[in-house]
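# Examining the three-dimensional arrangement
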Amino acid sequence: MLLDHNLEEAEQKHLDFQKMFLAKDKKISSLENEINLVKRELVLTQAIAQQEKEEVMEGAKLSGTITMLKIKLQMAKEAEDPSFDRSAWDQEAWKLKLAELDDEEEAEEVLANEAGSSELKDAVEETVGGGDAAKV
C-alpha cells in the first residue's frame, strides 16, 4: 500500500511536471512569436524612416537648387552694368532650370519678366505648366 501510494504520488508529480513543461513551452513559443513580430515591426519602421529621410533629403536638395538659381538670377540682374563681364553666365539656362524645379507662381513671374521674346515666353509657360517640354 505504501508503495502504491508512493507510485501514485510520483505519477501525479510526473503529470504535474509535464503540464508545467507544456505551459512553459507554450509561453516560450508565444514570446518567440512576439519577438518575431517586434522584429518585423522594427524592420518596417526602419524602412519607413529611411524612405522619409530620402524624401526630406530630396526636398532639401530641390529647395537648395531653387534658392541657388534664384540667387544667380538676382546676381545677374544686379550685374547688368555694361562694363561687367558676365558672358560666362548662362542666364537662360538658369531661368529654364528654375522653372523646371520650382512649381510656384513666383518662378513663372520671374521668367515672364525676364523673357524678352514671345517664343521664349511660350517655352517658359509650357515648361512651368507641366507640358511635355524636354527637361533641361
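Residues numbered from 1 in each chain as written. Predicted model: local features only at pLDDT ≥ 70, side-chain atom pairs only at ≥ 80, totals over all residues. Heavy atoms only, no water.

## Let's talk about helix α1 (residues 2–78)
What counts is decided by this rule: Secondary structure elements are taken from DSSP: a helix is a run of H or I of four residues or more, a strand is a run of E of two residues or more, and numbering for both begins at the N terminus. What a helix is expected to span follows from its residue count: subtract one and scale by 1.5 Å. Only protein chains enter the area calculation, which uses a 1.4 Å probe; residues under 20% of their type maximum are buried, those over 50% are exposed, and those in between are partly exposed.
A rise of 1.5 Å per residue sets the reference length of α1, with its 77 residues, at 114 Å; its end C-alpha atoms lie 111 Å apart and thus fit the reference within 8%. Among the residues of α1, those classed as buried are Ile66, Leu69, Leu73 and Ala76.

## Concerning the pattern of salt bridges
Applied cut-off: In the sections that follow, a salt bridge refers to a side-chain nitrogen of Lys or Arg positioned within 4 Å of a carboxyl oxygen of Asp or Glu.
The full count for this structure, using the stated rule, is 3 salt bridges. Linking Glu92 and Lys95 is a salt bridge whose minimum nitrogen-to-oxygen distance equals 3.2 Å. Of the two residues, Glu92 and Lys95 are both situated in helix α2 (residues 91–101); the distance of 3 residues between them amounts to about one turn of the helix. Since its relative accessible area comes to 33%, Glu92 is described here as partly exposed. In this structure, Glu100 and Lys97 form a salt bridge, with 3.6 Å as the shortest nitrogen-oxygen distance. Of this pair, Glu100 and Lys97 both sit in helix α2, 3 residues apart, which is roughly one turn of the helix. Exposure remark for Lys97: the relative accessible area of 26% places this residue in the partly exposed category.

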